[in-house]
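Inside the fold
One letter stands for each residue in the lines below.
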Amino acid sequence: ETGVTQTPRHLVMGMTNKKSLKCEQHLGHNAMYWYKQSAKKPLELMFVYNFKEQTENNSVPSRFSPECPNSSHLFLHLHTLQPEDSALYLCASSPLGGGSNYGYTFGSGTRLTVV
Amino acid sequence: DQQVKQNSPSLSVQEGRISILNCDYTNSMFDYFLWYKKYPAEGPTFLISISSIKDKNEDGRFTVFLNKSAKHLSLHIVPSQPGDSAVYFCAASAGAGSYQLTFGKGTKLSVIP
């Protein structure tokens, strides 16, 4: 149990589908993140929420839509995705919005396949 | 442009020997560096970190060395154990007000019994 729970663990969706990824943390952390891990690429930061406010959007296409209703939950809404969006999507949280210890806690990820 | 580079995609080491994983960075503003370990089907887990004001940090079998002039850091694992087999990610952040981490591509370590 990592403290950060992601559901579902695996998702196969068609290009016309709409689905959502869910992330939940009960660590009392203030910041939550969505990362994308594609094959042979570094972890790419997609979105950052600090105290429920979105503070980063790293030029992510609008077909990815994040939502953070409270500091414990984070969603990633997906619609009209492309096959190249197939990847491992990782959620993370951290206790601080800044400072010297960034001890991210990651979830196990959602393996997304777009067909 | 990759700001954090792990140029070795994989590394194999005999059990009991030293594993050395390397990481280079290009952004002079980075002042905090971390190593994460990832097993298959799991998210990365924090391993060890180092501030730019230090050149070494040790935690049990794991030691991270930082050479600021060379913009290079390394993770030493001594002695290596089969359970250390995983993908290791180097990450860096810039400035006390920044909590965004920039990751490398990772190095897959295989420790052979």
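One can find the structure itself at the top, above this paragraph.
Residues numbered from 1 in each chain as written. Chains lettered and ligands numbered in written order. Predicted model: local features only at pLDDT ≥ 70, side-chain atom pairs only at ≥ 80, totals over all residues. Heavy atoms only, no water.

1. Considering the overall build of chain B
Of the regular secondary structure elements, chain B holds 0 helices and 11 strands. Along its sequence from the N terminus, chain B presents helices and strands in the succession β-β-β-β-β-β-β-β-β-β-β. Radius of gyration (C-alpha) of chain B: 13 Å, near the 13 Å computed for a compact globule of 113 residues. Across its three principal directions, the C-alpha atoms of chain B cover 40 × 30 × 20 Å. Here chain B holds 113 residues, and 43% of them are scored as buried. Once local pairs closer than 6 in sequence are excluded, the contacts in chain B between residues at least 24 apart make up 54%. Taken as a whole, chain B presents about 5,400 Å² of accessible surface, with 50% of it coming from carbon and sulfur. On chain B, the mean spot of the 11 positive side-chain charges and the mean spot of the 9 negative ones are 4 Å from each other. (Helix = DSSP H or I, 4+ residues; strand = E, 2+ residues; numbered from the N terminus. Rg over C-alpha atoms; globule rule 2.2 N^0.38 Å. Buried < 20%, exposed > 50% of the residue type's maximum accessible area, 1.4 Å probe, protein only. Contact = heavy atoms within 4.5 Å. Areas by Shrake-Rupley, 256 points an atom, 1.4 Å probe, with all protein chains shown as cover. Lys, Arg positive; Asp, Glu negative; His and termini not counted. Charge placed at Lys NZ, Arg CZ, Asp CG, Glu CD.)

2. Thoughts on the layout of surface pockets
Here the largest pocket defines a volume of roughly 600 Å³. Lining the largest pocket are 26 residues, with Q37 of chain A together with K38, V87, F89 and K105 of chain B sitting closest to its centre. If one sorts the elements of the lining of the largest pocket by residue count, strand β9 (residues 86-94) of chain B sits on top with 3 residues. When grouped by side-chain class, the residues that make up the lining of the largest pocket number 9 nonpolar, 9 polar and 8 charged. Here the second largest pocket is characterised by a volume of approximately 420 Å³. As for the second largest pocket, its lining consists of 21 residues, and the residues nearest its centre are P42, L43, E44, L45 and N58 of chain A. Going through the elements one at a time, β4 (31-37) and β5 (44-50) of chain A together with β10 (102-103) of chain B are the ones with two or more residues in the lining of the second largest pocket. It is β5 of chain A that provides the largest number of residues to the lining of the second largest pocket, a total of 3 residues. (1 Å grid on protein atoms, 1.4 Å probe; cavity = no way out; pocket = protein on both sides within 12 Å on 5 of 7 lines; lining within 4 Å. Points joined across faces, edges and corners; volume = space filled by probe spheres on them. Nonpolar A, V, L, I, M, F, W, Y, C, P; charged D, E, K, R; others polar.)

3. Some remarks on the packing of aromatic side chains
Residues and elements named next belong to chain A. One pass over the full model with this rule turns up 15 aromatic pairs over all chains. Relative to Y104, the ring of Y33 lies with its centre 4.3 Å away and its plane at 25°, an arrangement referred to as stacked. With a gap of 71 residues between them, Y33 in strand β4 and Y104 in the loop between β9 (87-94) and β10 (105-106) connect regions that are remote in the sequence. For the ring pair Y104 and F106, a centre distance of 5.8 Å and an interplane angle of 50° mean the geometry is tilted. (Phe/Tyr/Trp six-rings, centres within 6.5 Å; stacked < 30°, edge-to-face > 60°.)

4. Some details on the sheet that holds strand β8 (residues 73-79) of chain A
All names here are of chain A. Pairing is antiparallel in the open sheet, where 4 strands are placed in the order β1-β3-β8-β7. The outermost strands of the open sheet, each flanked by one partner alone, are β1 (4-7) and β7 (64-70). Along the sheet, successive strands turn relative to each other by an average axial angle of 15°, direction set aside. Where β7 meets β8, 5 bridges bridge the pair, whose relative direction is antiparallel. The residue bridging N70 from the neighbouring strand is H73, located in β8. (Pairing = 2+ DSSP bridges. Axes fitted to C-alpha atoms, helices over the stretch in contact; angles between N-to-C directions.)

5. What to know about the pattern of salt bridges
When the charged atoms of two side chains with opposite charge come close together, those side chains can pair. What the rule picks out here adds up to 5 salt bridges over all chains. Of the charged contacts in the structure, one is a salt bridge between D85 of chain A and R63 of chain A, with a shortest N-O distance of 2.7 Å. Here the residue D85 of chain A occupies a position in the loop between β8 and β9, and R63 of chain A occupies one in the loop between β6 (53-57) and β7, the gap between them amounting to 22 residues. The class for D85 of chain A is buried, based on a relative accessible area of 2%. Among the salt bridges present, the one from D84 of chain B reaches K37 of chain B, with a minimum N-O distance of 4.0 Å. With D84 of chain B in the loop between β8 (72-77) and β9 and K37 of chain B in strand β4 (residues 30-38), this pair connects stretches of sequence that are 47 residues apart. Connected through shared salt-bridge partners, K37, R61 and D84 of chain B make up one network. (Salt bridge = Lys/Arg side-chain N within 4 Å of Asp/Glu carboxyl O.)

Take it as geometry only, folks, not as evidence of what the structure does.
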